[in-house]
Amino acid sequence: MAEQNRAAISLIRKYFFSKDVGRYSDDIFFLSQVFHDAFPKRLRKVIFLDVDLKFLSDIRLLHQEFDNFEPENVIGIGPDLQPQYRVDFSKYRSDHPGTSVGSSRPGKQGFNTGVVLFDLDRMRNSSLYNSLLNDTALGILCKKYQFEGYLGHQDFYTLTGMEYPELYYNLDCAWNRQLDVGWKNEVGKELFDKYHQCEGKIHVIHANGDALLKDANMLLKDYPVNLYSVNLESRPLQI
């Protein structure tokens, strides 16, 4: 699949791989934005999952989130639960005080690709979405938002979502409850918590960054809405 879509991968690498961060260098991190072209047309929907996840609810419930898409939505994706994009859009934010770009929810704090819902039919049929898959369009957006990404497809969805939020269904953070707290020491607990908070029952735990699934309860102890104990031995992935 990668070789057949080398041009698309190279385009995303050009704009969203400004530095090599090791674990994100594989082609899969630069390919998902063209899944609608890469997969046969008989495949209509795809749920994309990282390998460092633990499901606490039936995956069928996640699939039902497709039914909540608004007419313009082509992809469902949850927020990045760290101030990653507050920092990455810092130049734009400095020039545009009060902007929602990179701000914590209800602002546009950016996306995380640990769990993504792709409606391939809608991606194929969206002229707006497909108009963004070229050098000119991405160059214009990167320049406008003074953005230099290095997280591949996650940066693509985040950047295009700043300009065209209607393309994306906001998947609840409970379906991608990230554990990593690496940014806390960088920005301080008060600011970090604005991005990291996630209310309600957790459906999927994501051991992103340097976090480990076995440490989930310890890492969530500072967040009262998640203070129930997470049973990591129960509820395997179901289909």
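Here, every reference points to the structure presented above.
These lines cover the structure that appears in this document, whether it is placed above or below. The structure presented is a predicted model; accordingly, all values stated were derived computationally and were not measured.

### Describing the pattern of salt bridges
- Under the definition given, this model contains 11 salt bridges.
- In this structure, Asp 27 engages Arg 6 in a salt bridge whose closest nitrogen and oxygen atoms are separated by 3.0 Å. Highlighted residues: Asp 27 in the loop between α1 (6-16) and α2 (35-38) and Arg 6 in helix α1, separated in sequence by 21 residues.
- The class for Asp 27 is buried, based on a relative accessible area of 19%.
- Note that Asp 119 is salt-bridged to Arg 122, the shortest N-O span being 3.6 Å.
- What makes Arg 122 partly exposed here is its relative accessible area of 27%.
- When salt bridges with common partners are traced through the structure, they connect Glu 3, Arg 6, Arg 13 and Asp 27 into a single cluster.

### What about the sheet that holds strand β7 (residues 204-206)?
- Strand order across the open sheet formed by 3 strands is β2-β7-β6, with mixed pairing between neighbours. Two strands lie at the open edges of the sheet, namely β2 (53-55) and β6 (177-178), each paired on one side alone.
- Pairing geometry for β2 and β7, over 3 bridges, is antiparallel. Bridge pairing in β7 places Lys 54 opposite Ile 205.

Conventions adopted
- Residues numbered from 1 in each chain as written.
- Predicted model: local features only at pLDDT ≥ 70, side-chain atom pairs only at ≥ 80, totals over all residues.
- Heavy atoms only, no water.
- Salt bridge = Lys/Arg side-chain N within 4 Å of Asp/Glu carboxyl O.
- Helix = DSSP H or I, 4+ residues; strand = E, 2+ residues; numbered from the N terminus.
- Buried < 20%, exposed > 50% of the residue type's maximum accessible area, 1.4 Å probe, protein only.
- Pairing = 2+ DSSP bridges.

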